[in-house]
Amino acid sequence: EDNAADARRQEETAQQQGALAQSRLGDVSSLANSMIFEIGDGLRDLSGTTATREAMVRRGVEYLNRMSEQESGGSGMQRQMAAAWLKVAELQYDPGRSSLYDTAGARQSMARSIGLLEPLAKANPRDPEVSHELLQGYRENAQLERTEAAKQAGLSRALQLAEAAATEQPTSLQAQGDLADVYQS
């Protein structure tokens, strides 16, 4: 009886510690997202913040690389990471806006984002958010391409997704906006 009670207490303690670790991981993920999405956008247009933005991007890439080495954490975590890679790419290079003008880094980050989104889109072809994020990735990646042929190939992939979304969701403003964005690219 004592052994069974000890085993139950150890199991309960392990479950509590696992829940606490999961909660802390959620907190760290939330902080990282805040740094990349909120603070990065706030610093982007302030003069004299290039060194700070470089450090933030460097730390963001380190964090995302560490997260990539671990278990995938399911489709929700993959989507979060894909969105974070996309944002890092925008901070690295975004024509027409203040950025670090790191096209090579932006290409790598964009490839990581697309690499996470493609299997999600294949597994969930009717998920409008995944399709939106993937076509954004294709469209923005096309802008980074060196040759006109590569740019057109990327825009073609984005256009296929945008047209399919607009057909499937004719009343969706997001789908219509995505289609317009691709046509303007």
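The rules behind the values
- Residues numbered from 1 in each chain as written.
- Predicted model: local features only at pLDDT ≥ 70, side-chain atom pairs only at ≥ 80, totals over all residues.
- Heavy atoms only, no water.
- Helix = DSSP H or I, 4+ residues; strand = E, 2+ residues; numbered from the N terminus.
- Buried < 20%, exposed > 50% of the residue type's maximum accessible area, 1.4 Å probe, protein only.
- Contact = heavy atoms within 4.5 Å.
- Areas by Shrake-Rupley, 256 points an atom, 1.4 Å probe, with all protein chains shown as cover.
- Core = buried A, V, L, I, M, F, W, Y, C linked by side-chain atoms within 4.5 Å.
- Expected span 1.5 Å × (residues − 1).
- Arc of directions from axis to C-beta.
- Axes fitted to C-alpha atoms, helices over the stretch in contact; angles between N-to-C directions.
- Parallel < 35°, antiparallel > 145°, perpendicular 65-115°, else oblique.
- Left-handed = near helix turned anticlockwise from the far one by under 90°.
- Nonpolar A, V, L, I, M, F, W, Y, C, P; charged D, E, K, R; others polar.
- Salt bridge = Lys/Arg side-chain N within 4 Å of Asp/Glu carboxyl O.

**Side note on the overall build of the protein chain**
Link 1 in the chain: Counting its secondary structure elements, the protein chain contains seven helices and zero strands.
Link 2 in the chain: Every one of the 185 residues in the protein chain was classed for burial, and the buried ones make up 37%.
Link 3 in the chain: If you take every contact in the protein chain between residues at least 6 apart in sequence, the share linking residues at least 24 apart comes to 55%.
Link 4 in the chain: For the protein chain, the exposed surface amounts to about 11,000 Å²; the carbon and sulfur share of it is 50%.

**A look at the side chain of Asn141**
Link 1 in the chain: Counting through the fold element by element, Asn141 comes out in helix 5 (residues 128-144).
Link 2 in the chain: With relative accessibility at 14%, the residue Asn141 sits in the buried group.
Link 3 in the chain: Look past the residues within four positions of Asn141 in its chain and what remains in contact with it is Met110 and Ile114.

**Remarks on the nonpolar core**
Link 1 in the chain: Of all hydrophobic cores here, the largest spans 33 residues; its most connected members are Val57, Leu64, Met81, Trp85, Met110 and Leu134.
Link 2 in the chain: Mapped onto this core, the elements with two or more residues apiece are helix 2 (50-69), helix 3 (74-92), helix 4 (103-123), helix 5, helix 6 (148-168) and helix 7 (173-184).
Link 3 in the chain: Tallying contributions element by element places helix 3 first for this core, with nine residues.
Link 4 in the chain: Sequence-distant contacts of Met81, that is, excluding residues within four places in its chain, are made with Leu64, Met67, Ser68 and Leu116.

**Side note on helix 6**
Link 1 in the chain: The end-to-end C-alpha distance of helix 6 is 30 Å, a good match for the 30 Å that 21 residues give at a rise of 1.5 Å each.
Link 2 in the chain: Taken residue by residue, helix 6 has Gly154, Leu155, Ala158, Ala162, Ala165 and Ala166 as its buried positions. The buried residues of helix 6 all sit within an arc of 110° when viewed along its axis, so they share a single face. Facing away from the buried side of helix 6, by more than 90 degrees, are the exposed residues Ala149, Gln160 and Thr167.

**A few points about the packing of helix 3 against helix 4**
Link 1 in the chain: The interhelical angle for the contact between helix 3 and helix 4, taken along N-to-C directions, is 155°, at an axis separation of 8 Å. One element, helix 3, and the other, helix 4, form an angle in the roughly antiparallel class. Considering how the two elements wind past one another, helix 3 and helix 4 form a crossing that is left-handed. Taking contact as the criterion, the partners of Ser75, Gln78, Arg79, Met81, Ala82, Trp85, Leu86, Val88, Ala89 and Gln92 in helix 3 are, on helix 4, Gly105, Ala106, Ser109, Met110, Arg112, Ser113, Leu116, Leu117 and Leu120.
Link 2 in the chain: Residue composition of the contact of helix 3 with helix 4, by class: 11 nonpolar, six polar and two charged.

**Considering the packing of helix 2 against helix 3**
Link 1 in the chain: Contact pair helix 2 / helix 3: the axes reach a minimum separation of 10 Å and the direction vectors enclose 155°. Taken together, helix 2 and helix 3 sit at an angle that is classed as roughly antiparallel. Considering how the two elements wind past one another, helix 2 and helix 3 form a crossing that is left-handed. Counted together, Met56, Val57, Val61, Leu64, Asn65, Met67 and Ser68 of helix 2 and Met77, Met81, Ala84, Trp85, Val88, Leu91 and Gln92 of helix 3 form the full contact between these two elements.
Link 2 in the chain: Looking at the contact of helix 2 with helix 3, its residues break down into 11 nonpolar, three polar and no charged.

**Overview of unusual backbone geometry**
Note: most peptide bonds trans; most residues except glycine with negative phi.
Link 1 in the chain: The phi dihedral of Tyr101 falls on the positive side, at around 55°, and the residue is not glycine.
Link 2 in the chain: In this structure, Tyr101 sits in the loop between helix 3 and helix 4.
Link 3 in the chain: Judged by its relative accessible area of 55%, Tyr101 is exposed.

**A short note on the pattern of salt bridges**
Link 1 in the chain: Under the counting rule described, the total for this entry stands at five salt bridges.
Link 2 in the chain: A salt bridge links Glu62 to Arg59; the shortest N-O distance between them is 3.4 Å. Taken together, the residues span about one helical turn, with Glu62 and Arg59 both in helix 2 at a distance of three residues.
Link 3 in the chain: Given a relative accessible area of 57%, Arg59 falls into the exposed group.
Link 4 in the chain: Here Arg79 and Asp127 are joined by a salt bridge, their closest N and O atoms 3.2 Å apart. In this pair, Arg79 sits in helix 3 while Asp127 sits in the loop between helix 4 and helix 5, placing the two residues 48 residues apart along the sequence.

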